[in-house]
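Below, each chain spelled out in residue letters.
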Number of protein chains: 2
Amino acid sequence: MTKPISVTFLGGDSGDWRVEKIQRVKGDTLPTVDRIEIFQNSFLSPPPSIWALRGTTSNLRYTTSAEATRLGYAQQGLGRRDATCAALIPIRKNETWWSLGQDERRQIMEESSRHISIGLEYLPAVARRLHHSRDLGEPFDFLTWFEYSPENSGAFEEMVKRLRETPEWIYVDRELDIRLTR
Amino acid sequence: MTKPISVTFLGGDSGDWRVEKIQRVKGDTLPTVDRIEIFQNSFLSPPPSIWALRGTTSNLRYTTSAEATRLGYAQQGLGRRDATCAALIPIRKNETWWSLGQDERRQIMEESSRHISIGLEYLPAVARRLHHSRDLGEPFDFLTWFEYSPENSGAFEEMVKRLRETPEWIYVDRELDIRLTR
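Residues numbered from 1 in each chain as written. Chains lettered and ligands numbered in written order. Predicted model: local features only at pLDDT ≥ 70, side-chain atom pairs only at ≥ 80, totals over all residues. Heavy atoms only, no water.

Undergrad: Summarise the overall build of chain A; cite the residues concerned and give the values.
TA: A tally of helices and strands in chain A yields five helices and eight strands. With the C-alpha coordinates aligned to their principal axes, the bounding extent of chain A is approximately 40 × 35 × 30 Å. When the accessible surface of chain A is summed, it comes to about 8,900 Å², and 50% of that surface belongs to carbon and sulfur atoms. In chain A, which carries 25 positive and 26 negative side-chain charges, the distance between the mean positions of the two groups comes to 2 Å. (Helix = DSSP H or I, 4+ residues; strand = E, 2+ residues; numbered from the N terminus. Areas by Shrake-Rupley, 256 points an atom, 1.4 Å probe, with all protein chains shown as cover. Lys, Arg positive; Asp, Glu negative; His and termini not counted. Charge placed at Lys NZ, Arg CZ, Asp CG, Glu CD.)

Dropping the structure here:
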């Protein structure tokens, strides 16, 4: 099923996920909030919140068919009972990145940075869902939501650290790291 | 400049472009209207209309850097004084297309269908701007807007015919062809 899912992350007082910390990795941060509510695929107006970040799932943008097959075998869905830790990592990339050709972005992302391959190493421990925001006129380009168990939080930290050290991250000009539990 | 431009095509009674015909190529058509108004990058609500199709310009999704350079040299912008003919071609592709890997879609689109190469042959006569709609929850996936002079309308017909005969078009499950003059 490839139909895009529209998702709004609402920072405020309500929601299943309690915010543990909002870490500014690069660029401006967002106001501190107690909870995040995930408002999905609704034609209703979202409830009031202190801030709201919107995105949609989409088709694969860089992943090849062979890579998608490997990911498909290894990954598990969101909402696993023991996955009580989550991270929401909003990222914006700079104009240089967005003006590159498709081949150049793929080259940097995978052939040089191994982004897809690194993510694959942490499956099925870390479940993830990528939301695209750039074409919605949002302040970030991507919102990635991760879920994992407390036992896998060391693995998650390692994965995030490795990704941030890749050549791809040179193009990231704003990044937050929001950690949550439920 | 790669910042997405949000565009709404409003079918109704007003606007610079007069609708000559709305041709149903595949799937459901839209109500006949007299004019189309192009409402761009505005935070205001669009004026009333009979129908509205929304999209955003975006980064390149399939085009390589080398291809983008060739296109960049050859193409001209919208709004040329003698380009008094236009076409708005809304297209939706099927679920099979969207579930393919990035490599498979590129293979079909360019290596097999020569989509980018065919378009290049008709530059600078035909100016175009592609808008992405799928992630906005719209009824079509793409809205392509073309502008050309009356002298180049034969070339435009030929280009459209050639593209519709490619393997890529097997994946198109809804298409309209709206022709306009101003």
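Next, the rest of the story.
Undergrad: An account of the interface of chain A and chain B is needed here, citing residue identities and associated values.
TA: Facing the 26 residues of chain A at the interface are 26 residues of chain B. With both chains or domains summed, chain A and chain B bury close to 2,100 Å², and 45% of this area falls on carbon and sulfur atoms. Along the contact surface separating chain A from chain B lie two salt bridges. One salt bridge connects Asp135(B) with Arg61(A), and the closest N-O pair in it is separated by 2.7 Å. (Contact = heavy atoms within 4.5 Å. Buried area = accessible area lost by both parts, 1.4 Å probe. Salt bridge = Lys/Arg side-chain N within 4 Å of Asp/Glu carboxyl O.)

Undergrad: Can you break down helix 5 (residues 153–164) of chain A residue by residue, with the values?
TA: Residue and element names in this part refer to chain A. In this model, helix 5 (12 residues) spans 17 Å end to end at C-alpha, consistent with the 16 Å of a helix rising 1.5 Å per residue. All of the buried residues in helix 5 are Phe 156, Met 159, Val 160 and Leu 163. Burial along helix 5 is one-sided: seen end-on, the buried residues are contained in an arc of 95°. The inward-facing, buried residues of helix 5 abut strand 5 (85–93), helix 4 (115–121), strand 7 (142–148) and strand 8 (172–181). (Expected span 1.5 Å × (residues − 1). Buried < 20%, exposed > 50% of the residue type's maximum accessible area, 1.4 Å probe, protein only. Arc of directions from axis to C-beta.)

Undergrad: Outline the relation of the copies chain A and chain B, listing residues and values.
TA: You can overlay chain A on chain B at an RMSD of 0.0 Å; the transform is a turn of 180° with a shift of 0.0 Å along its axis. Between the two chains, the operation in question is that of a two-fold axis. Here 100% of the interface residues in chain A have copies in chain B that are interface residues too; the copies meet face to matching face. (Least-squares fit on C-alpha atoms with pLDDT ≥ 70 in both.)

Undergrad: Could you give me a rundown of unusual backbone geometry, with the residues and numbers involved?
TA: One can expect most non-glycine residues to show negative phi and most peptide bonds to be in trans. The residue after Leu123(A), namely Pro124(A), is reached through a cis peptide bond having omega 0°. Structurally, Pro124(A) is set in the loop between helix 4 and strand 6 (127–132). Even without being glycine, Arg114(B) reaches a positive phi, approximately 55°. Mapped onto the elements, Arg114(B) comes out in the loop between helix 3 (102–112) and helix 4 (115–121).

Undergrad: Give me the packing of aromatic side chains: which residues, what numbers.
TA: Counted according to the given criterion, the structure contains 14 aromatic pairs over all chains. An angle of 55° between the planes, with centres 6.5 Å apart, marks the rings of Tyr62(B) and Trp97(B) as tilted. Of the two residues, Tyr62(B) is situated in the loop between strand 4 (51–56) and helix 1 (65–74) and Trp97(B) in helix 2 (residues 95–98); the sequence distance between them amounts to 35 residues. Classification of Tyr62(B) as buried rests on a relative accessible area of 12%. Among the aromatic residues, ring-to-ring pairing joins Phe9(A), Trp17(A) and Trp145(A) into one connected group. It is Lys93(B) that lies over the ring of Trp97(B); its NZ or CZ is 3.8 Å from the centre. (Phe/Tyr/Trp six-rings, centres within 6.5 Å; stacked < 30°, edge-to-face > 60°. Lys NZ or Arg CZ within 6 Å of the ring centre and 35° of its normal.)

Undergrad: Let's hear about the pattern of salt bridges: which residues, and what values?
TA: One side chain can pair with another of opposite charge once the charged atoms of both are near each other. According to the stated counting rule, one finds 28 salt bridges over all chains in the structure shown. A salt bridge links Asp177(A) to Arg164(A), with the nearest nitrogen and oxygen atoms 2.9 Å apart. Taken together, the residues span a long stretch of sequence, with Asp177(A) in strand 8 and Arg164(A) in helix 5 at a distance of 13 residues. Ionic pairing is found between Glu111(B) and Arg106(B), a salt bridge with its closest N-O pair at 3.1 Å. You can call Glu111(B) partly exposed: its relative accessible area is 39%. Here the residues in one salt-bridge network are Glu157(A), Arg164(A), Glu175(A), Asp177(A) and Arg179(A), joined through shared partners.

Just geometry here; none of it tells us what the structure is for.
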